[in-house]
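Each chain is listed here by its residues.
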Amino acid sequence: MSGTYGDSTRSIKAVGSEAIPGEPIAPPPVPAAAYHLPPDEDDSLDSYGRSSNPTWRQLESALAQLEGAAAALTFGSGMAAITSVLRTVAEPGRTIIVPADGYYQVRAYANEFLAPRGVTVIEARCAEMCDAAADAGRDDVVLAETPSNPGLDVVDLHQLAMTCRARGSILVVDNTTATPLGQQPLSLGADLVVASATKALAGHHDVLAGYVAGSHPEVMERLQRERLLSGPVLGSFEAWLVLRSLGSLGLRFERQCQNAAAVALMLRSHPAVKSVRYPGLPDDPSHAVATMQMRRFGGVVAVEMADRDAVHALAARSALLVAATSFGGIHSSVDRRARWGDPVPEGFARLSLGIEDTDDLLSDIEQALDPAGR
């Protein structure tokens, strides 16, 4: 796809289909589980929905284009995608380095499933990831999440990729928070990209989905085989919902990033807020690295307030912030992360900014933080 296109044009082009007169511009979903078999036993045709279907293939083609990959595979959720990758590449006797400050269920999976099966699990914070990777060996796995969820630290992917390549280890990058419109890890040297399409890509709070993208044919073939045998597949209608949403991704993500930048700037000087993390802020600890590798800084802002009650009060007083976990949808939301076991202070909250008008969000959050309730 031409690098001269803007984000919205890239999104529209990615989901486009062949122009056939009399056919729909946007193809409908193909929700078939079983297909008619040809009498000559031609195995190149669709036969069973767990193997493949036309809607999957169109979505996978779009995701590969957006990530700059040779191929992509869809899964039933982001966790289904990442655990399938880890089962495939993290073999017994190998070591896997996982983010100590990334999504908590990935750590839980590594420790509860991989470790008992002979995989050595090492946890490293984003700031320590490059140093930790320097001790990895051939065919060991380094899993980076950047920006991290929920702390929004940024890993220097170019440096990390160079370290992994020198050591012969496999670099997997979780690109959920950044999205392919904000960052392209494969172009920076990653071997695989994993992401939850539930978030900004689907973007409407109505579907669970995940994907893996990469350019190593043998690895992608192993992952496709893993998906076929273990069955963590994406429903064809859910695939169509994501495909439908991708066309507006450029517009939605632009507004989300705009809102996040404005809210982060307002909150960093607000007396009710102890600290703010957003890679787009010039004084953020991750800003220098983020500027080198990210085109946009995302729609998520991390804030620390006084305590648990302060976060609950913010949610209760706000007319626009929905109290909900997950992020990346069209509605702005707030989530107190300590409730899920994240190693963060009790007053830490993740704000996911939606597509509301920026001035409305600023006014709403500012009044919600006013202890007098004005």
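Up top is the structure.
Cut-offs and rules
Residues numbered from 1 in each chain as written. Predicted model: local features only at pLDDT ≥ 70, side-chain atom pairs only at ≥ 80, totals over all residues. Heavy atoms only, no water. Buried < 20%, exposed > 50% of the residue type's maximum accessible area, 1.4 Å probe, protein only. Helix = DSSP H or I, 4+ residues; strand = E, 2+ residues; numbered from the N terminus. Pairing = 2+ DSSP bridges. Salt bridge = Lys/Arg side-chain N within 4 Å of Asp/Glu carboxyl O. Axes fitted to C-alpha atoms, helices over the stretch in contact; angles between N-to-C directions. Contact = heavy atoms within 4.5 Å. Core = buried A, V, L, I, M, F, W, Y, C linked by side-chain atoms within 4.5 Å. Parallel < 35°, antiparallel > 145°, perpendicular 65-115°, else oblique. Left-handed = near helix turned anticlockwise from the far one by under 90°. Nonpolar A, V, L, I, M, F, W, Y, C, P; charged D, E, K, R; others polar.

Visitor: Before we go on, may I ask you to explain the pairing of strand β2 (residues 95–99) in this structure?
Guide: Buried residues dominate β2, accounting for five of its five residues. Judged by which residues are buried, β2 turns out to be covered on both faces: Thr95, Ile97 and Pro99 on one side and Ile96 and Val98 on the other are all buried. With five bridges joining them, β2 and strand β3 (residues 120–124) adopt parallel strand pairing. Note that in β3 the partner of Val98 across the bridge is Glu123. Across two bridges, β2 lies against strand β4 (residues 141–145) in parallel orientation. Paired with Ile96 across the two strands is Val141, which belongs to β4.

Visitor: Would you explain the pattern of salt bridges in this entry?
Guide: Side chains that differ in charge, positive against negative, can pair when their charged atoms come close. Per the counting criterion, the structure on display carries 20 salt bridges. Among the ionic pairs, Arg57 bridges to Asp46, the shortest N-O distance being 2.9 Å. Note that Arg57 is positioned in helix α2 (residues 54–67) and Asp46 in the loop between α1 (7–15) and α2, a separation of eleven residues in sequence. Its relative accessible area of 38% is what places Arg57 among the partly exposed residues. Residue Asp335 pairs with Arg337 through a salt bridge whose shortest N-O separation is 2.6 Å. Salt bridges sharing partners connect three or more residues here, namely Arg107, Asp335, Arg337, Asp342 and Arg350.

Visitor: Explain the sheet that holds strand β8 (residues 273–277) here, please?
Guide: One key point about sheets: their strands pair by backbone hydrogen bonds, in either a parallel or an antiparallel sense. Spatially, the five strands line up as an open sheet ordered β8-β9-β12-β11-β10, and their pairing is mixed. In this open sheet, the two strands that pair with only one neighbour each are β8 and β10 (322–323). Where β10 and strand β11 (residues 333–336) come together, two bridges link them in parallel fashion. Counted as the bridge partner of Ala323 is Val334 from β11.

Visitor: So what exactly am I meant to see when it comes to unusual backbone geometry here?
Guide: Peptide bonds are trans in most cases, and residues, glycine excluded, mostly fall at negative phi. For the bond from Thr146 to Pro147, the omega torsion is -10°, close enough to zero to count as cis. Residue placement: Pro147 occurs in the loop between β4 and α6 (157–167). Non-glycine residue His205 carries a positive phi angle of around 60°. Looking at the secondary structure, you find His205 in the loop between β6 (192–196) and β7 (210–214).

Visitor: So what exactly am I meant to see when it comes to the sheet that holds β4 here?
Guide: Reading across from one edge, β1-β7-β6-β5-β4-β2-β3 is the order of the seven strands in this open sheet, with mixed pairing throughout. For this open sheet the edge positions go to β1 (71–75) and β3, each flanked by a neighbour on one side alone. Between one strand axis and the next, the sheet turns by 20° as a mean value, whatever way the strands run. Each of β1, β6 and β7 touches helix α7 (residues 217–230); the most contacted strand, β1, lies at about 20° to it.

Visitor: Can you help me understand the nonpolar core in this one?
Guide: When a protein is soluble and globular, its nonpolar side chains tend to lie buried together. In terms of nonpolar packing, the biggest core is built from 73 residues, with Leu160, Leu246, Leu267 and Leu351 touching the most fellow members. Here the element with the most residues in this core is helix α9 (residues 249–267); it accounts for eight residues. In contact with Leu160, other than residues within four places in its own chain, are Met129, Cys130, Ala133, Val142, Ala144, Val155 and Leu171.

Visitor: Sorry if this is basic, but what is going on with the packing of α1 against α2 here?
Guide: Think of two packed helices as two axes; the pair is described by the angle between the axes and how far apart they sit. The geometry of α1 relative to α2 is characterised by a closest axis approach of 8 Å and an angle of 150° between their N-to-C directions. One finds that α1 runs roughly antiparallel with respect to α2. Of the two elements, α1 crosses α2, and the hand of that crossing is right-handed. Counting all contacts with α1, which are made through Arg10, Ser11, Lys13, Ala14 and Val15, the residues of α2 involved are Gln58, Ala62, Gln65 and Leu66. Looking at the contact of α1 with α2 residue by residue, the classes come out as four nonpolar, three polar and two charged.

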